[in-house]
Every structure is written in C-alpha cells, then in structure tokens.
Amino acid sequence: MMRIGFRLALAYRSNIVMTCVTLVAQVFLLRMIWTSVYGARPAAAGLTLDALLAYLTLANLQSFATHTVVSRTIHERIRSGTVFFDLARPPGYLRQMAAFQVGNTFGGLLLLAPVVPVVLLVGSITAPVNGPGYVVTLVLGYVIAVQLALLISLIGFWTMEIGAISLLYRLVSQFFAGTMVPLAFFPGFLGVLAGALPFQYLGYVPAAIYVGHITDVAGPIMVELAWIAGLWGLLALTWSRAHRRVVIQGG
Amino acid sequence: MIRAEGLTKVFRRPRTFPGPLGALRTLVTRQYVEKTAVDGVSFTIDEGEVIGYLGLNGAGKSTTIKMLTGILTPTSGTVRVGGLVPWRDRSANARNVGVVFGQRSQLWWDLPLIESLRLVGSLYDVPAARFETSLKKLRDLLGLDDFLDTPVRQLSLGQRMRGDLAAAVLYEPPLLYLDEPTVGLDVLAKDAVREFIVEVNRTGRTTVILTTHDLADVEALCKRIILIDRGKVLFDGAIDALVDQPRRLVVLLEPEPEEVRGVRRDAEGRYVFDIRGDLPGMIAAISAEHTIRDLSIEEPDLESVIKGIYSR
Ligand SMILES: Nc1ncnc2c1ncn2[C@@H]1O[C@H](COP(=O)(O)OP(=O)(O)OP(=O)(O)O)[C@@H](O)[C@H]1O
Ligand SMILES: [Mg+2]
C-alpha cells in the first residue's frame, strides 16, 4: 500500500509544479510582509527577524511536505464503493490507509526535493539550533497529522459527504499550526487555545525548536507521545463504530 | 464450504423530506425508511461447485455477496464460509476469498496494472517466488502481457476485467465470488472469461459463486442455480432437472381452430405440442386435420424456464 501511495504521488507529478510555485510564492510573500512589519525593530515576542524568516520558511516547507491526501482518497473510495476492496483485504483498514499516506508523503518529498534550495533561497534559513530535536518533533508531528487526517476521513462513513468538513479542517489546522503567523504572536485566549490543540506540532513546535525559540525539547516530545497514544485510542474506537455502519454503495 | 441460514439484510436510511428545509430535517430525523434487500436466504454450497446466483435487478444478489465477504453485517441469520463467520473473522475469511465486481474495479485507476497486482501480492502475503509463478500462469491464461504496464484507466473494459480476474485469484483463494464478471463484454471477451472460470474451477477446485444476467454464462458454467426474487430464494437446484422437459413442436394453423385438444397456444396464437416419440407421425396427424402454415421445433431453454418460474 505504501508503494501505491508512492507511485500515485509520482503519477500526479504535473500537480507538483503548481504546488511548488504556490509554495515558493507563499514563502516569498510572507517574507515581504513580515520584513515590512518588523521594520527596524530588532525582535518581537523573542523572535529576531532572521529567526522568524527561517521559521516561516521551514513551517511552510513542512506544511507542504506533510500535506495529507488520505482523506480525499478515502472519501472518493467511499463514494464510489471501491472502499469495498480495501475492507476485503486481510490487513486492517486503517493500517492500509496509513501506509498509503506514508508512501504518498515519500513520493511527495522526492518531487519536492529539487525545489527545496529555491525555497530556502527565496525565504531564508539559518543553521539549526537544535537539529535532532527538530527532526524528532517533526516526525512525531507527522504521525499526529496522519492520525488526525484518518479521523476526519472516518466521518465519511456516517455522512458520505465530507468536502466541507475537510476544507474547514484544513483551514483550522493550518491556522493553528502557525504556518502564517507563529503561535508566539497569538494573543491571550487564542494563544491558549493554540497551545491546547495538537495542530501546533504540525508546524510551530518543530520549526520553533529549529530556530531556537523553544529550547525545552523533552516537554513537547512527551506531549506529542501522549497525543499519539490518545488519538490511537480514539481512532480505534471510532473505527470500530464506523465499520459496523459500513454500507457499500452500488451493486 | 458455505452454509447460510436465514440470512437477512435490512437497510435503514433516515427518511428524506422534500422542500427547502428537507435536508436539515433528514439530518435530525428519527424516522427511517427500511428496505429488506435479503430476506431469510438459506443455502449450502459444497467445495468445487460453480453456482449461478440469479435474480432480477435489485433482487439482493450483490448484497448477499457483500455479506459473504464479511463487509456487510447481516441484520439476522448466520453464514459460515469454510467454518468462519465472515464478519467476525473478516481478515481470515479475506484470505479464502477472491472477489470480482463487474461494475467496479479493484485496480488502481492511475497506475499500471502490474502495480495493482503487486499490491494484492503484498496485502495477501504472497511470497515473491509464488507471486512470480502465479503471475506467469495468469499472464498466459488471461493474455495480460499486452497491457501489464498500461495505466488501468487506458484499458478497454475487457482488458480491465481480465486484470480484475487476475487480481482476484493471484493468491489462489479456494472461493471466488464473481458479481457480473461478463457485464458489457463482447462475445469473445465473454468466452475468455468463461474459459478462465472453467480453468480455475478445474485446476484449483475453486468454488465459484457467479452472478450474471447472461444466462449463456450460466449454461456454460453452472450445474446448479439459486434463483432469488425480492430477497427470497425462489428455486435452488440442478439446471438439468429444471430444463428436463420435452422439446416442443410449434405450429401456425389455417384456419385457426378454436381449440385443439391438449394443446396450449402461445402469445402469438401458435399451437404448442410437446414432442413425445414419433415426430413425423405427429406432424402427419396434425396436417391430416389442419393446414400447417408454419412450423418450428423449440428446445427447452433456461431462459424460458426461468421466465416461467418468475411468472408463477
Ligand atoms: N446501501 C443501500 N441502502 C439502501 N438500500 C440498498 C442499499 N444497497 C442496496 N439496496 C437495496 O437492496 C436491494 C438489493 O440490492 P442488490 O444490489 O443486492 O441487488 P442485485 O440483486 O445485485 O441487483 P442487480 O442485478 O441490479 O445488480 C435493492 O432494492 C437496493 O435498492
Ligand atoms: Mg448487483
């Protein structure tokens, strides 16, 4: 299944050109805006301009690299009834879908790789303050992202229609991941909310560790592991209810 | 191999309401519309049999197959497939079963056929060596070589169906569910599918449940049929017994007598005699009393027999 995800990512490589253009443009625009916002100020909320720009470049790169397509795939397969075949396989459904997503991410990374230098050039990057911490929190964050995507997909077994929900989820998750604005700038209540939600691990936390804005790494890793365990349980529970409701369309 | 008892599936959907606020009401309603798709179906199927599972559109055939694969849970009743309860031992049952739905494909649309076959190999833990021999055999049997590396979306329906058949038997399951595997195929492609089914059944003792609207499939492949109508079993037994009726002599007479003793008239007003023994003698006897304008001899066939059962 991983291989299928990988091959599909490559099969749709014409998309990637648009994706790369979008990514480069987004990083470029963010750089312009934030440079002008900072003006002559040396730092805000503990972030220097250089650190902020490196943060934004990374966070956007991450967000594109870890983008999950699995919800859309699942949704299409529920609607067309081909989900039948996924369910008829010996391995568990969620395992297959997770493998699909991981393969797809690898495929996406392969296609994204040539553009990375361009993005780093257009944005700006500094040497990592804590490289290993960055990688570990990012990988765990990715696991959380896949789990959340699967959880959203399962709604499709109830409603058949998850287009609007997916869109909402994408907006919310991107916003609270801090892809456009680092969470350090979120005021009061919003900051508390962002800190309580898991989306920060998809963007803000790893990138902030990279630029040295967050220095405690053990804490976030523990919380990430707790989220993974919790989401694991929630997924298992949701799936056991969803799959009792399965009706296969058409026949 | 398969034993079903009182198998029943009732679909329950929230009632839909008309009008602009209908969708909203549908979302919160506690009223349901119920539809009994399969209604107390029982049958036993032995190893190595090829069963024609027949019925009109909407009779409940596909729903039965979905329950046999363990993907739908029946509302009531039980099934054992090779000793397993499909929806409880879903994963173990999956290894015993290959499925083809003519109306939809298990192949990945945007990838070359071989990728989907590899996926099946890995999901069913087929060891590499066995995968290669199995694939080799199927390439010969189904002529896959021409399009193994073509993306599935570029395949013709017949090629796609052959790909789907290959995917269903790649791991050599002892049981095959084929839901309309010849739908939309031309005469040659249909023959290829039939020959394949015969071959798989013969060499692997594979048990096959076949759903189709083409009775020629059934005549070519099945010794026994199960006929269902509105979810209920209408007939279950050997085809031979079903069509074991005398040939018929059908004549058009002039002038048309009101009634000929012991003879039916069909919808076109022709007279239908059962042929017993001496045919020339029969014809001579009829022409002695009437003028025969046209004459034909009809073999009893599955289609007319099945139409007869439905109209009862
Ligand atoms: N998901 C569903 N929800 C509600 N009703 C359903 C659902 N699936 C099937 N049905 C109903 O159940 C009945 C049996 O459907 P099924 O697909 O088993 O028929 P079939 O015998 O395969 O017919 P066909 O020859 O047309 O393929 C139909 O009346 C259909 O409308
Ligand atoms: Mg059907």
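Residues numbered from 1 in each chain as written. Chains lettered and ligands numbered in written order. Predicted model: local features only at pLDDT ≥ 70, side-chain atom pairs only at ≥ 80, totals over all residues. Heavy atoms only, no water.

## Thoughts on the overall build of chain B
The secondary structure content of chain B amounts to 11 helices and 13 strands. For 312 residues, the compact-globule formula gives about 20 Å, and the C-alpha radius of gyration of chain B, at 25 Å, lies well above that figure. The principal-axis extents of the C-alpha atoms in chain B amount to approximately 75 × 55 × 40 Å. Within chain B, the fraction of its 312 residues that count as buried is 51%. Considering only contacts within chain B whose residues lie at least 6 apart along the sequence, 70% involve residues at least 24 apart. As displayed, chain B has an accessible area near 15,700 Å², and 50% of this comes from carbon and sulfur atoms. Here chain B carries 41 positive and 44 negative side-chain charges, and the mean point of each set is 9 Å from the other. (Helix = DSSP H or I, 4+ residues; strand = E, 2+ residues; numbered from the N terminus. Rg over C-alpha atoms; globule rule 2.2 N^0.38 Å. Buried < 20%, exposed > 50% of the residue type's maximum accessible area, 1.4 Å probe, protein only. Contact = heavy atoms within 4.5 Å. Areas by Shrake-Rupley, 256 points an atom, 1.4 Å probe, with all protein chains shown as cover. Lys, Arg positive; Asp, Glu negative; His and termini not counted. Charge placed at Lys NZ, Arg CZ, Asp CG, Glu CD.)

## So, the pattern of salt bridges
Counted by the stated rule, this structure contains 26 salt bridges over all chains. Among the ionic pairs, Asp86 of chain A bridges to Arg77 of chain A, the shortest N-O distance being 2.8 Å. For the pair shown, Asp86 of chain A and Arg77 of chain A are each scored as buried. For Glu172 of chain B, the salt bridge goes to Arg130 of chain B, with nearest N and O atoms at 3.8 Å. One end of the pair, Glu172 of chain B, is in the loop between helix H6 (157-169) and strand E6 (175-179); the other, Arg130 of chain B, is in helix H5 (residues 128-142), with 42 residues separating them in the sequence. (Salt bridge = Lys/Arg side-chain N within 4 Å of Asp/Glu carboxyl O.)

## Description of the sheet that holds strand E11 (residues 264-265) of chain B
Residue and element names in this part refer to chain B. Pairing within the open sheet is antiparallel, and its four strands lie in the order E11-E12-E10-E13. If you trace the sheet from one side to the other, it starts and ends with E11 and strand E13 (291-298), each paired once. Judged from the four bridges that link them, strand E10 (residues 248-254) and strand E12 (residues 271-274) form a sheet pairing that is antiparallel. Paired with Leu249 across the bridge in E12 is Phe273. (Pairing = 2+ DSSP bridges.)

## Digging into the site of ligand 1
Residue and element names in this part refer to chain B. Neighbouring residues of ligand 1: 16 residues in total, closest Gly58, Lys61, Ser62, Thr63 and His213. In the model, an oxygen atom of ligand 1 is placed 3.2 Å from a nitrogen or oxygen of the Lys35 side chain. A distance of 2.8 Å is found between an oxygen atom of ligand 1 and a side-chain nitrogen or oxygen belonging to His213. For ligand 1, whose accessible area on its own is 640 Å², the fraction buried by protein is 79%. Going through the elements one at a time, strand E1 (2-14), strand E2 (32-45) and helix H2 (61-68) are the ones with two or more residues in the shell around ligand 1. In terms of residue count, the dominant contributor to the shell around ligand 1 is H2 (three residues). Counted by class, the shell around ligand 1 contains five nonpolar, seven polar and four charged residues. (Near = heavy atom within 4 Å. Polar contact = N/O pair within 3.5 Å; in protein donor to acceptor, adjacent residues only side chain to side chain. Nonpolar A, V, L, I, M, F, W, Y, C, P; charged D, E, K, R; others polar.)

## Concerning helix H10 (residues 163-177) of chain A
Residue and element names in this part refer to chain A. With 15 residues, H10 should cover 21 Å at 1.5 Å per step; its first-to-last C-alpha distance of 21 Å lies within 8% of that length. Of all the positions in H10, only Tyr169, Ser173, Phe176 and Ala177 are classed as buried. For H10, the angular spread of the buried residues around the axis is 100°, confining them to a single face. Turned more than 90 degrees off the buried face of H10, the exposed positions are Ala164, Leu167, Leu168 and Leu171. Packing partners of the buried residues in H10 comprise helix H3 (49-65), helix H8 (131-154), helix H11 (188-196) and helix H12 (204-210). Immediately downstream of H10, the backbone of Gly178 shows phi near 80°, a positive value. (Expected span 1.5 Å × (residues − 1). Arc of directions from axis to C-beta.)

## A closer look at the side chain of Asn201 of chain B
Residues and elements named next belong to chain B. Locating Asn201 in the fold gives a position in helix H7 (residues 187-204). From its side chain, Asn201 meets the backbone oxygen of Gly48 in a polar contact 3.0 Å long. If sequence neighbours within four positions are ignored, Asn201 has contacts with Gly48, Glu49, Val50 and Thr206.

## Side note on the interface of chain A and chain B
Taken together, the contact between chain A and chain B spans 28 residues of the former and 29 residues of the latter. In total, chain A and chain B occlude about 2,800 Å² of area from one another, counting both sides; carbon and sulfur atoms represent 61% of this. Counting the surface chain A buries against chain B, the share from its top three residues, Phe85, Arg89 and Pro90 of chain A, is 25%. Linking chain A with chain B are two salt bridges, by the criterion used here. For Arg3 of chain A, the salt bridge goes to Glu115 of chain B, with nearest N and O atoms at 2.8 Å. Inspection of the chain A/chain B interface yields eight residue pairs in polar contact (both at pLDDT 80 or more). (Buried area = accessible area lost by both parts, 1.4 Å probe.)

## Notes on the nonpolar core
Judged by nonpolar contacts, the single largest core of 153 residues is most densely connected at Tyr93 and Phe157 of chain A together with Ile2, Phe43, Leu117, Leu144 and Tyr177 of chain B. Per-element tally for this core: the top contributor is H8 of chain A, with 13 residues. Ignoring sequence-local partners within four residues, the contact set of Leu117 of chain B consists of Phe131, Leu135, Leu144, Leu148, Gly163, Ala166, Ala167 and Leu170 of chain B. Counting 12 residues, the second-largest nonpolar core is a separate cluster that includes Cys20, Val24, Ala65 and Leu111 of chain A. (Core = buried A, V, L, I, M, F, W, Y, C linked by side-chain atoms within 4.5 Å.)

## Quick look at the environment of Val33 of chain B
Residue and element names in this part refer to chain B. Mapped onto the fold, Val33 is located in strand E2. For Val33, a relative accessible area of 42% translates into the label partly exposed. Not counting the four nearest positions on each side in its chain, Val33 is found in contact with Phe11, Arg12, Arg13 and Arg15.

## A look at helix H13 (residues 218-242) of chain A
What sets the pattern is the α-helix's 3.6 residues per turn: residues three or four places apart point alike. For H13 of chain A, with 25 residues, the first-to-last C-alpha span of 35 Å sits near the 36 Å given by 1.5 Å per residue. Taken together, the buried residues of H13 of chain A touch helix H5 (83-87), helix H6 (93-112), H8, helix H9 (156-159) and H12 of chain A.

## Some words on the packing of aromatic side chains
Here the structure, examined in full by the defined rule, presents 16 aromatic pairs over all chains. Taken together, a centroid distance of 4.8 Å and an interplanar angle of 85° make the contact between Phe84 of chain A and Phe101 of chain B edge-to-face. In this pair, Phe84 of chain A is assigned in helix H5 and Phe101 of chain B in strand E5 (residues 97-101), connecting two distinct chains. Like Phe101 of chain B, Phe84 of chain A is buried. With 5.9 Å between their ring centres and 85° between their planes, Tyr93 of chain A and Phe157 of chain A make a pair best called edge-to-face. With Tyr93 of chain A in helix H6 and Phe157 of chain A in helix H9, this residue pair connects regions lying 64 residues apart in the sequence. Here Tyr93 of chain A falls in the buried class, since its relative accessible area comes to 3%. Cluster of aromatic residues (ring-pair linked, three or more members): Phe84 and Phe85 of chain A together with Phe101 of chain B. The ring centre of Tyr32 of chain B lies 3.9 Å from the NZ or CZ of Arg12 of chain B, which sits over that ring. (Phe/Tyr/Trp six-rings, centres within 6.5 Å; stacked < 30°, edge-to-face > 60°. Lys NZ or Arg CZ within 6 Å of the ring centre and 35° of its normal.)

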